[in-house]
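# Results of the structural survey
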Amino acid sequence: MAADKSGTNQEDAQGPENRPGEEWLIDLGSKAAEARRGEIGSKAAGLALLTREGFHVPRAFCLSTAAYEEFLENLPRKGKELLKRVQNSQEEEGELEELREIMLTGDLPRLVLEALELAWCKLGGVPVAVRSSGTMEDLEEASFAGQYETFLEVTDLEAVVDSVRRCWVSAWNNRVLGYCQRNGLPLKQLSMAVILQQMVQPRVSGVLFTLHPQTGRDDEMLAEAVPGLGEALVSGRVNPSRYVLEWHSGKLKEKMGQGDEILSSGELQELGQMGRDLHALLGAPQDVEWSFDLDGHLWALQTRPITRIGYAPGLGEWTTADFRDGGVSSSVVSPFMWSLYDRIWHGTLPAYVHEIRLLPDELKSDLEWGRVFFGRPYWNVGAVKRCLANAPGFNEREFDSDLSIEITYEGDGLTVPMTVTGALKALPSLLALYGGFRKCMSWIRRFHQEFWHDAALFQRPHLARLTDGELAVLYDRLLNGLYVETESAYFRTIYNTSNAKLVFKESFDSVNRMANGEFSWLNLMLGLRNLSHLRPVTALWDLAASIEKRPLLKQAVAKADPVDLPSLLEGLPESDRLEQFLLTYGYHGTRELDILRPRWREQPREVYSTLQKLVLEFDPKRDPRVLNEAQHRRYLEERTKLETFLRQQPGWRWVPGRVTRFLAGLQRVRKFCWWREEMRDLSTRAYDLVRRYTVEVGRRVRAKGVLDQADDLFFLRHQEALDLLAGRLDASKARALVVKNRRYCRAWRNFKNPNEIGDRYQWRRKATRPPQTSGEHEVLQGVACSPGRVRATARVIRSLDESNRVNGGDALITLFTDPGWTPLLGRVGAVVTETGGLLSHAAVISREYGLPAVLAVPGATEKIPDGAMIIVDGDRGLVEILAEEE
């Protein structure tokens, strides 16, 4: 019998209300299913969500985990003893089989039987599917696909009872236990709900992957179909018909294999559109089980996250390194933002590599240097390595380690020996490299002076007063002029900073080996004075110091809601200073490379909250200038020690100018690090201007009915936005592009994308290990980025929206930081991030504040418990999670 399509939300009149056991039975079409998500498991919760969102899902009820717990509680004494030993992994040979036998032959509690009878009646006594829904099943990181049991075409109540029992027992099969052990999942947390779902009588069934799992292409879906039930497909007993569908439209792109044509073009498009809509709803690629019934209706039977992705041969190697550390790859990127960024990336990277004579002839064609996969930008690290293969001394492992790129090969990977012949061939590159250092330094100083004059043209306080024509002209000049010039200058500074560091670091490591590791590279990077990103922190600290001197005002600020601070300070000198702060530094924001995010000038709450915290935790010893000067003294001490050592070495003191040239290399790195932050500040100002103008243009085109929402413009490429404004892009086409791009961005919002993809990689979801308990001690390894050792309370936050949870002196544990986090870093005691390296924002700012920092710690936000006591060792790159007794 086909499932009743008339609506899974209908109330069923069968059976009296509040029958015994009914509290354990949850209609997946009811509002109660959402409220009781924790009792029904992820598979049932997913079906409930699809039902609420209007997808065609066969009617279903779920027997909650409470029924399962009641079943375990009613096991005989022997069964309970065996269960406890298995949960603690202490069972002896044969005891697991004995436990399963006891569970299979034991009686079900009376209330459970009554709940099953009620469900059978409500489903109309038709054939049902009985499916497990474990509480840890189908998690994003650890899908239990194929681990538990499913029973189809169950035709009577007695068989339903037996199937439910077998689903419960499947929680303790060898596959599940082995899976949990491999992924660090605690057996005590295993629980099981069971779904009873009306059977669809299918003409054809199958699975749909909303991302092509064999090629990794996110613009394609792969469908597999067989006649009748899909069980034969899942079990691998038949060869299915296979279809590649276009992601956006659902249309057929390719028929694969020799299977029969069992789906029409219309059915394929309907299937593809359902998969696309499911993907967008859930925000991650899905593995969907589906059926077309005998009447031609399409049903979604279940959906779970895709767990593995392979990549097509020849894709190359791509990475988000340096893009993910607070950058454009830290979340889904809008088409507008990527079009801006990609223009600079493609315009500067190959040009720079060509200038330093490392660009091979075969790469001078139209090569993709950057590309969006899974909603995030990646750059072509494979192409960059092919360029570096022309550089004597290149070591792939060192290169990958420096950028925190996953290493999947043995040994050092690609290496280029340093030979006399190789050095002679590389001489033009070395000369170009050092010449480039000098040219870049001279150029960015000149650009920095000219920026303020050029930017003044666009800093209009009242954009709304401009005519449409005036606004269009300025908008074009901003996007194609000031923005391109500023961001190109910033990127070239980044390239030269990285190479200056690599060149000098090789010399330093050689010296340090000679000195038996006596010198600290991190200490030589300390104390960069007057960094651009410390200026707003210093201004805010001075304002807090002024408030702190007024006891009554301090008390009022401490009690106020942060948004009330401006009115609280009204009429006082501090009010003018706060207003001036926002005028001067309001171009910053909480996510500065997400152009969709408002800046401080638009939403200043983060500024008010940070100011309030600085007042509450005020400590004169935390003056940023004092901390920075202390770090500068440490740098001078290390530099003096290093210079003294070198002048005592015969091979150095006998060669005129050798020590001076070495120290000049150090100074070059420090200057470039300073200028990189200065140019980043100009970049941030340019993006603020772009956002201001785009918001105003968006407001106007919406008012004219050209687009539906004011922020629609961000879902066009920047050239498309200019074309729309100039009348070169039809409004209907623009709206269609916006719908298409919004849906794509939404489809990837919850996906934890791999950092590297391509020929060397295969992505597989990793299980989330539960945080350490207080009785455990663990040491995590990362990259040492700022010296010092501190013991502090771990505060785990994943965005600045949670910054109010951070107390002064806490160890900040997060995914990444960007300049918008700088004020928060002024309050913490240490920094641990999952991404970043020696030259990343978190590293540079931590060194100026004197904060121990360990970056690139894999899974730090999951492995370190919030509130745990930890030791952050910034000299060795270690994070110790202390047991409670420690």
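Located above this text is the structure these notes cover.
These figures come from a predicted structure and were not determined experimentally. (Residues numbered from 1 in each chain as written. Predicted model: local features only at pLDDT ≥ 70, side-chain atom pairs only at ≥ 80, totals over all residues. Heavy atoms only, no water.)

Along helix H5 (residues 95-105), the positions that sit buried rather than exposed are Glu95, Leu96, Leu99, Arg100, Ile102 and Met103. Down the axis of H5, the buried side of the element spans an arc of 160 degrees, and every buried residue falls inside it. (Buried < 20%, exposed > 50% of the residue type's maximum accessible area, 1.4 Å probe, protein only. Helix = DSSP H or I, 4+ residues; strand = E, 2+ residues; numbered from the N terminus. Arc of directions from axis to C-beta.)

Sheet topology note: the strand S8 (residues 241-246)/strand S9 (residues 252-256) ladder contains 4 bridges and is antiparallel. What sits directly across from arginine 242, in S9, is methionine 256. Counted along the chain from S8 to the antiparallel partner S9, the turn is 5 residues long, and its residue glycine 250 has a positive phi close to 80 degrees. (Pairing = 2+ DSSP bridges.)

Taken together, the side chains of Leu427, Leu430, Leu431 and Tyr434 make up a nonpolar region of the molecular surface, amounting to roughly 360 Å² of accessible area. Mapped onto the elements, tyrosine 434 comes out in helix H14 (residues 420-456). (Patch = residues over 30% accessible without salt bridge, like charges linked within 9 Å, V, L, I, M, F, W, Y side chains within 5 Å. Areas by Shrake-Rupley, 256 points an atom, 1.4 Å probe, with all protein chains shown as cover. Salt bridge = Lys/Arg side-chain N within 4 Å of Asp/Glu carboxyl O.)

As a further point, take the sheet that holds strand S4 (residues 150-154). Sheet architecture is open: 5 strands sit in the order S1-S2-S5-S3-S4, paired in antiparallel fashion. Lying at the two open borders of the sheet, with one neighbouring strand each, are strand S1 (25-27) and S4. The sheet shows a mean angle of 25 degrees between the axes of neighbouring strands, direction not considered. For S1 and strand S2 (residues 60-63), the ladder comprises 3 bridges, and the chain directions are antiparallel. Among the inter-strand pairings, aspartate 27 is bridged to a residue of S2, identified as phenylalanine 61. Packing of helix H6 (residues 110-122) onto the sheet brings it into contact with S1, S2, strand S3 (128-134), S4 and strand S5 (192-198), and relative to S2 it is tilted by some 175 degrees. Seen against the sheet, helix H7 (residues 157-169) touches S2, S3, S4 and S5 and runs at an angle of roughly 145 degrees to S5. (Axes fitted to C-alpha atoms, helices over the stretch in contact; angles between N-to-C directions. Contact = heavy atoms within 4.5 Å.)

Before going further, it helps to spend a moment on the packing of helix H17 (residues 535-548) against helix H20 (residues 573-585). Close contact between H17 and H20 brings their axes to 11 Å; oriented N to C, the two are set at 170 degrees. Put simply, H17 runs roughly antiparallel to H20. Contacts from Arg535, Pro536, Ala539, Leu540, Asp542, Leu543, Ser546 and Ile547 in H17 reach Glu574, Arg577, Leu578, Phe581 and Tyr585 in H20. Looking at the contact of H17 with H20 residue by residue, the class counts come to 8 nonpolar, 1 polar and 4 charged. (Parallel < 35°, antiparallel > 145°, perpendicular 65-115°, else oblique. Nonpolar A, V, L, I, M, F, W, Y, C, P; charged D, E, K, R; others polar.)

Applying the stated rule across the entire model yields 40 aromatic pairs. On the numbers, 6.3 Å between centres and 75 degrees between planes, the contact of phenylalanine 458 with tyrosine 693 is edge-to-face. In this pair, phenylalanine 458 is assigned in the loop between H14 and helix H15 (468-514) and tyrosine 693 in helix H24 (residues 658-703), connecting sequence segments 235 residues apart. Of the two residues, phenylalanine 458 and tyrosine 693, neither departs from the other in class, the shared state being buried. Members of the aromatic cluster, each reached through a chain of ring pairs, are Phe323, Trp338, Tyr341, Trp345, Tyr352, Trp379, Tyr490, Phe491 and Tyr495. Between the NZ or CZ atom of lysine 255 and the centre of the ring of tyrosine 243, over which it lies, the distance is 5.5 Å. Here the guanidinium or amino end of arginine 658 rests over the ring plane of tryptophan 652, the centre of that ring lying 3.9 Å away. (Phe/Tyr/Trp six-rings, centres within 6.5 Å; stacked < 30°, edge-to-face > 60°. Lys NZ or Arg CZ within 6 Å of the ring centre and 35° of its normal.)

Here we come to the state of the cysteines. Summed over the entire model, instances satisfying the criterion amount to 0 disulfides. Free of any disulfide, cysteine 387 has its nearest neighbouring cysteine sulfur in cysteine 440, separated by 19 Å. Under the relative-accessibility criterion, cysteine 387 is labelled buried at 2%. The thiol of cysteine 673 is unpaired, and the distance to the nearest cysteine sulfur, on cysteine 785, comes to 12 Å. Accessibility expressed as a relative area gives 5% for cysteine 673, which makes it buried. (Disulfide = S-S within 2.5 Å.)

Here the structure, examined in full by the defined rule, presents 5 cavities of 30 Å³ or more. What lines the largest cavity is a set of 14 residues, and nearest its centre among them are Val328, Ser331, Val332, Leu593 and Asp594. Estimates place the volume of the second largest cavity at around 60 Å³. Around the second largest cavity sit Thr590, Arg591, Arg597, Arg798, Ser799, Leu800, Asp801, Phe816 and Trp821, which together line it. (1 Å grid on protein atoms, 1.4 Å probe; cavity = no way out; pocket = protein on both sides within 12 Å on 5 of 7 lines; lining within 4 Å. Points joined across faces, edges and corners; volume = space filled by probe spheres on them.)

Orientation of H15 relative to H24, taken along the N-to-C sense of each, is 160 degrees, at an axis distance of 7 Å. By the angle between their directions, the pair H15 and H24 is classed as roughly antiparallel. Crossing handedness for the pair H15 and H24: left-handed. The residue makeup of the contact of H15 with H24, split by class, is 28 nonpolar, 8 polar and 8 charged. (Left-handed = near helix turned anticlockwise from the far one by under 90°.)

Here we come to the sheet that holds S8. What the 6 strands build is an open sheet, ordered S9-S8-S7-S6-S10-S11; its pairing is antiparallel. A single partner strand is all that each edge strand has here, and the edge strands are S9 and strand S11 (298-305). Mean inter-strand twist for the sheet, computed between neighbouring axes without regard to direction, equals 20 degrees. Where helix H10 (residues 265-282) meets the sheet, it contacts strand S6 (202-209), strand S7 (220-227), S8, S9, strand S10 (286-293) and S11, and its direction lies at approximately 145 degrees from that of S10.

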